[in-house]
Structure formats: structure tokens, C-alpha cells
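Summary of the model geometry
Listed here are the chains, written in short residue letters.
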Amino acid sequence: MFEKIQKNFGFGAMRLPMVNGRVDLEQTTQMVDHFMASGFNYFDTAHMYLDGQSEPALKHCLTSRYPRESFVLTNKLSGSCFEFEEQIRPLFQSQLEACGVEYFDFYLMHSQTRRIFQKFQDCHAYEVAMELKKEGKVKHLGFSFHDGPEVLEQILTKYPEMEVVQLQFNYLDMEALNVQSRACYEVCRRHNKPVIVMEPVKGGKLAQLPPKAHEIFAGLGGGSDASYAVRYAAGYEGVMMVLSGMSNLAMVQDNCGYMQDFQKLNSRELEAVAEVCRILKQQEQIECTSCRYCTEVCPQQIPIPELFGCMNKMNQGDPAYMAEYQKVIAEKGKKASQCVGCGACEKACPQHLPIRKLLRTVAEEFE
Ligand code: SF4
Ligand code: SF4
């Protein structure tokens, strides 16, 4: 159906390596080169990623260096970037320019929830996107999704023109009430829509397992923790692509290694995944994926994902949790207690986390 795509593993450009607040272009170039040389060609970005640095980084490292027909580039229309229908086309044009391309292979309505879908309808965003497709500026349309199966059903019924759905899908979220990966996946299958998987390693959580869980995979005799999570997601029927937001060359090398000749998990490996799930579910963890949508809107610049990371380390019994907290405070200069309770972060959080309440707990524990 999408013949240009070479393999089922994609490069997410939302967690690129950073040096002093800027994308490390040298390392990103090496990552892109290794990825392309390994036979992969799918890249995913959005205007808002890395405070606007993701698109120009891809222009520098990918689109200005490789022929247009050699890579597949997906971009997104983010609700935080427009308020009115008239702003959508200029925004789209600025995205083309920032990425240095004449068209996007896929253009996704970004992070759809019941509330955001309403805004997109009010602004006729889907209709504008369909016009862009007719004009050849977009080859395929779809949306990324962060709500329950009923809302997904509603969108696919209203807009059958959408060709793909990007879902949060990983072995820990299959039945999670705030994500419902399995139920959403089943809606996509009923509508015959290919699935693009995001967060297969749950913001890195499944790539660096606590020791007890890590030992289960280590006992299988090979493969990183991340490899089991990515292969798990890629093994589902109808999953056309698994994205990973990679942050260094070693991650790209690891992922390209086991995905080059993709093998589904065998029954022994699936049993190990079930055991790891059981261990992880026993731990009290904040289900933050470090997507940073909250920090983009926080007037206080509270380092929300970093603080939640410290809390998770503490709950895992990791002795480094306090040193990590002190490092976060030294680098970011803001504490949980500086939250003014405006709630903007909770509206932006795709995981629907009660951020204000959780920050109060962080303040109680650490301050
Ligand atoms: S509620 Fe607190 S953490 Fe959330 S956006 Fe407002 S100030 Fe920031
Ligand atoms: S709290 Fe929510 S919005 Fe913020 S980084 Fe975590 S998952 Fe993303």
C-alpha cells in the first residue's frame, strides 16, 4: 500500500541528542547515515518537537543530503500551533520550508483526543489536510491518537479518508486504562487502517528495566531490553511501522541490528514479556513518557518529566534517586512546589496524568 516504505522500523525525531540546549547535529547526522545505510527510510517529526528544532535538524542531516525519493518523511499538524482555519496553510508551508521538502509523505493530525478533535473539526483541519493531499503536497493522511476506543471509532467513522493511525502501543499499556492500546488497535483493525506504533518502549522505560525485570530478558541469551519491546509491537498483524525516538548513535545501531532482519517474538520470548509485565505492574510508577508536551505550556518551566523520573527511581528502590533529583534541580532551577496550579500541563498531557497532584507528592517526598 505504501510502497516507498522499506522496512517496519522508523526514526522518531522527538528525542534527538542535545548539547547545551541545541540539537547535536554531528551525532544526528551519524545516526541518520547509519539508519539509511541499514536499509531503513522512515522518519517522523512535528513542528513542536524539541521546541521547533526537530524539523530544521532533519533538513540539515537528512533532506539536504539524500535524494527526496530515498526517504519517507512524516510531519504533523499540532493543535497547539493554530487557533483558526486560516492559520493552517501558512503553518503547513512553514513546515515544508523548515524540513526543506516540497511535500510530506504522510501528514498526521497530531495527538487527537476528544477535546483536540473538536478543535480540529471547528477549524476544518481535516478538510484543509484533504485539500493539501489533492494538491500533491501531502501523499497520505492520518492521525496520531491519545484517547479511548470510542473517540477513535468516532474519528474513523467521520473521516474514512484517513489512511493510517498512530497509536501508543507497548506491552505494558495493552490493557492500561489511560491508554487502552489493545482496544484502540482492535478499532483500527476493524476499520482496516494500518497502525504506526509510537512509544513502543514507553518513553524509554521499557528500554532500561529495573534489575529484576532485566534479568528475565538477559536470561534469554541476547538482545537489549528495548529489542523485546520493539519486536513485541512490530509482531502484531496490521502494524506497518514501529517508531523509536532515538537519542544517540548506540540506540540506532542496536535498533537497526535486530530490526534489519525482523523476527517476531517466539513463545518463550512472549512468556518472558508477560513475566516482565507482571514485575513492572507491581511497582508504583508514574506513567510519564517524557514527551515534554507539558513543559511546552508550563508558565513556571517546571521540569515535570525529570521530577517524575526521580519519583519513579525512588519507587523502584534505585539508590541514585536523590543524586538524580539534586542534578535536576541544579540544571533546571525549578522545584515541584513552584507549580502555580494553572492546569495547562494536564490539558496537554497525552497520558492524562494528574500532574498537579503528582507534583504535590514529589514536593512532599523531596523538598
Ligand atoms: S499546573 Fe503547575 S506544572 Fe502544570 S502548567 Fe501550571 S504551573 Fe506548570
Ligand atoms: S507528564 Fe504527560 S505531557 Fe508531561 S512529559 Fe510526562 S507524559 Fe508527557
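Residues numbered from 1 in each chain as written. Chains lettered and ligands numbered in written order. Predicted model: local features only at pLDDT ≥ 70, side-chain atom pairs only at ≥ 80, totals over all residues. Heavy atoms only, no water.

Moving on to the overall build of the chain. When helices and strands are counted, the chain shows 16 helices and 10 strands. Oriented by its inertia axes, the alpha-carbon framework of the chain measures out at about 55 × 50 × 45 Å. When each of the 367 residues of the chain is scored for burial, the buried share is 55%. Looking at the chain alone, contacts between residues at least 24 apart form 76% of all its contacts between residues at least 6 apart. For the chain, the exposed surface amounts to about 15900 Å²; the carbon and sulfur share of it is 50%. (Helix = DSSP H or I, 4+ residues; strand = E, 2+ residues; numbered from the N terminus. Buried < 20%, exposed > 50% of the residue type's maximum accessible area, 1.4 Å probe, protein only. Contact = heavy atoms within 4.5 Å. Areas by Shrake-Rupley, 256 points an atom, 1.4 Å probe, with all protein chains shown as cover.)

In the vicinity of ligand 2 there are 14 residues, among which Cys-288, Cys-291, Arg-292, Cys-294 and Cys-349 approach most closely. Top contributing element to the shell around ligand 2 by residue count: helix H13 (residues 304-316), with three residues. In the shell around ligand 2, the residues fall into 10 nonpolar, three polar and one charged. (Near = heavy atom within 4 Å. Nonpolar A, V, L, I, M, F, W, Y, C, P; charged D, E, K, R; others polar.)

Quick look at the nonpolar core now. One finds Phe-43, Tyr-126, Phe-143, Leu-152 and Tyr-171 to be the most contacted residues of the largest nonpolar core, which totals 90 residues. Ignoring sequence-local partners within four residues, the contact set of Tyr-171 consists of Leu-206, Leu-209, Phe-217, Ala-229, Tyr-232, Val-273, Val-276, Cys-277 and Leu-280. Membership of the second largest hydrophobic core comes to 24 residues, among which are Leu-307, Met-314, Tyr-325 and Ile-329. (Core = buried A, V, L, I, M, F, W, Y, C linked by side-chain atoms within 4.5 Å.)

The next point concerns the sheet that holds strand S7 (residues 138-145). Taken together, the eight strands give a closed barrel; going around it, the order is S1-S4-S5-S6-S7-S8-S9-S10, and neighbouring strands pair in parallel fashion. The mean inter-strand angle of the sheet, taken between neighbouring strand axes irrespective of direction, is 30 degrees. Looking at chain direction, strand S8 (residues 164-168) and strand S9 (residues 195-198) are connected through four bridges and run parallel. In the strand pairing of S9, Gln-166 is matched with Ile-196. Lying on the sheet, helix H9 (residues 225-234) is in contact with strand S1 (9-12), S9 and strand S10 (239-245); it crosses S10 at an angle near 155 degrees. (Pairing = 2+ DSSP bridges. Axes fitted to C-alpha atoms, helices over the stretch in contact; angles between N-to-C directions.)

With that settled, consider the packing of aromatic side chains. Throughout the structure, instances matching the rule amount to 26 aromatic pairs. When the centroid spacing of 5.8 Å and the interplanar angle of 80 degrees are considered together, the rings of Phe-9 and Phe-40 count as edge-to-face. Of this pair, Phe-9 sits in strand S1 while Phe-40 sits in the loop between helix H1 (25-37) and strand S4 (42-44), and the two are 31 residues apart along the sequence. Each member of the pair, Phe-9 as well as Phe-40, is classed as buried. (Phe/Tyr/Trp six-rings, centres within 6.5 Å; stacked < 30°, edge-to-face > 60°.)

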